[in-house]
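Here's the letter readout for the chains.
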Amino acid sequence: MSVNDTGSHPHTPVLLQNMSSSTITLPPLAPPSARANRSTFGADTMPALMESLKDRLLFAVPKKGRLYEKCLELLAGADIKYNRAHRLDVALVQNHPIAIVFLPASDIPRFVALGSVALGITGQDVIAESTHSGSITELLPLGFGKCSLQVQVPINGPVQTVEQLAGGRIATSFEVLAGEFFGKVDDDQQLEGGERTKIEYVGGSVEAACALGMADGIVDLVESGDTMRAAGLHPIHTLLTSEAVLITSRSPHPSLTPQLSPLIPMVKSRFAGVIAAKRYVYASYNILRTKLPDALRITPGRRAATVSPLDEEGWVAVSAMVERKEVASVMDRLEAVGAEDVLIFALDNCRVGV
Ligand SMILES: Nc1ncnc2c1ncn2[C@@H]1O[C@H](COP(=O)(O)OP(=O)(O)OP(=O)(O)O)[C@@H](O)[C@H]1O
Ligand SMILES: O=P(O)(O)OC[C@H]1O[C@H](OP(=O)(O)OP(=O)(O)O)[C@H](O)[C@@H]1O
């Protein structure tokens, strides 16, 4: 994961670099040589594309990496349909006045904060690292891309605390967050001669830095911990936990017209429905009315369970939403209190909030 939110961005899609339309604010241009090599958006294509983006809400989605597939699933679940031409980083949505803009996850906070795009998906880690975090509102946590930003050191090395790392060398893609964190450690430690911890930027494979002798410790993202274990590292401190979030700018761009503004709550509520449908299942069972209190303690439902009389004296049917991750244990416990005909249904979609 490489983060570079402050300077010019060699990977910023040429479409966005070249467009000059009232609908978007322009990031810095890439060097002419870089532009000359990217022939996807010829002079013929550009005006038509710019015209088609007018009166559309621009929505930035990571173009690759850990968040990409999950974002596509979310868009499909929310019935946001688009055609993406080969090599094109902009896709027009067919059934809404929205255009999806595929950007590097680390650039999305900047585009959203500047109002160049109205909505975006990226990781909270990337937002925290961004110089624009103060201009961004998180609308909805998306439940994927969960990871932690940790200080990791060699398992058998001489350094085992962050205090011992003070004055040493740290390799990271998160220069801002690591710099802030070790700045405080340095302030507390007051090393002789005012020595400070050195933060070295690396764009990826950060875990290799200690073995290569370029760092005493690293600051990097960890999910399962497999990468760090394989590199002989272990965590000694967690700077933050993160997941993917739907974001917008704190101060909406003037291009966000009254026609386009309602699309933001619509996308948010559709995404929330897709997330909830993944998180919950629908449980239904029959039980003797005398055992109902025991059963309702197991399946209280989100607001309350639905209880209906059965056409058999003394029996009721119960239905309630249950968290998917708990479903096996819920079924065991229902059986134990006398529930019969326990059925579990997957939800296709729903509107219940998350
Ligand atoms: N191991 C992981 N598990 C879960 N989420 C992760 C993990 N690594 C990264 N992420 C999340 O995905 C985001 C994008 O990371 P990823 O490494 O896929 O970026 P990328 O777009 O490939 O960027 P780069 O080219 O800079 O490496 C991160 O900012 C973080 O929010
Ligand atoms: O705890 P784990 O589940 O093993 O995941 C952690 C790894 O995932 C990320 O890198 P990624 O694989 O995205 O590649 P990168 O090093 O090129 O950024 C991160 O930088 C770690 O290397």
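Residues numbered from 1 in each chain as written. Chains lettered and ligands numbered in written order. Predicted model: local features only at pLDDT ≥ 70, side-chain atom pairs only at ≥ 80, totals over all residues. Heavy atoms only, no water.

> I would appreciate a short explanation of the sheet that holds strand E10 (residues 217–222) in the present structure.
What holds strands together in a sheet is hydrogen bonding between their backbones, with the strands either parallel or antiparallel. On the basis of which strands lie adjacent, the open sheet formed by five strands has the order E9-E8-E10-E7-E11 and mixed pairing. Single-partner strands in this sheet number two, and they are strand E9 (198–201) and strand E11 (233–242). The sheet shows a mean angle of 25° between the axes of neighbouring strands, taken without regard to direction. Looking at chain direction, strand E7 (residues 147–154) and E11 are connected through eight bridges and run antiparallel. Residue pairing across strands places Leu149 opposite Leu240, the latter belonging to E11. (Pairing = 2+ DSSP bridges. Helix = DSSP H or I, 4+ residues; strand = E, 2+ residues; numbered from the N terminus. Axes fitted to C-alpha atoms, helices over the stretch in contact; angles between N-to-C directions.)

> Help me understand the packing of aromatic side chains in this model?
Applying the stated criterion across every chain, the model contains four aromatic pairs. When the centroid spacing of 6.1 Å and the interplanar angle of 40° are considered together, the rings of Phe59 and Phe271 count as tilted. Remark: Phe271 occurs in helix H10 (residues 263–279) and Phe59 occurs in strand E1 (residues 57–62); sequence separation between them is 212 residues. Judged by its relative accessible area of 0%, Phe59 falls in the buried class. Aromatic pair Phe181 and Phe182: ring centres 5.0 Å apart, planes at 85°, arrangement edge-to-face. Across this residue pair, the class does not change: Phe181 and Phe182 are buried. By the ring-pair criterion, three or more aromatic residues cluster together here, those being Tyr68, Tyr82 and Phe102. Above the ring of Phe102, the side-chain terminus of Arg84 is found at 3.8 Å from the ring centroid. One residue, Arg110, lies across the ring of Phe111, its end atom 5.5 Å from the ring centre. (Phe/Tyr/Trp six-rings, centres within 6.5 Å; stacked < 30°, edge-to-face > 60°. Buried < 20%, exposed > 50% of the residue type's maximum accessible area, 1.4 Å probe, protein only. Lys NZ or Arg CZ within 6 Å of the ring centre and 35° of its normal.)

> How do you make sense of helix H4 (residues 68–77) when you look at a structure like this?
Since the α-helix turns once every 3.6 residues, residues separated by three or four places project in the same direction. Buried within H4 are the following residues: Tyr68, Cys71, Leu74 and Leu75. Down the axis of H4, the smallest arc covering the buried residues is 125°, so these residues share one side. With respect to the buried face of H4, the exposed residues turned more than 90 degrees away are Glu69 and Ala76. Lining the buried residues of H4 we find E1, strand E2 (82–83), strand E4 (98–103), strand E5 (119–123) and H10. (Arc of directions from axis to C-beta. Contact = heavy atoms within 4.5 Å.)

> What's the story with the sheet that holds strand E12 (residues 244–249) in this structure? I'm lost.
Reading across from one edge, E2-E3-E4-E1-E5-E12-E6 is the order of the seven strands in this open sheet, with mixed pairing throughout. Looking along the sheet, the strands with just one partner apiece sit at the ends: E2 and strand E6 (136–141). Pairing analysis gives five bridges linking E5 to E12, with the strands arranged antiparallel. Residue pairing in the sheet places Gly123 in a bridge with Ala244 of E12. The sheet strands contacting H4 are E1, E2, E4 and E5, and the helix crosses E1 at an angle near 140°.

> What is the right way to read unusual backbone geometry from this model?
Peptide bonds are, in most cases, trans, and in most cases residues other than glycine have a negative phi. For Asp55, which is not glycine, the phi torsion reads 65° and is therefore positive. The residue Asp55 is located in the loop between helix H3 (45–53) and E1 in this model. Given the relative accessible area of 60%, Asp55 is considered exposed. Not every positive phi belongs to a glycine, and Asp341 is a case in point at roughly 50°. Structurally, the position occupied by Asp341 is in strand E16 (residues 340–346). For Asp341, a relative accessible area of 51% translates into the label exposed.

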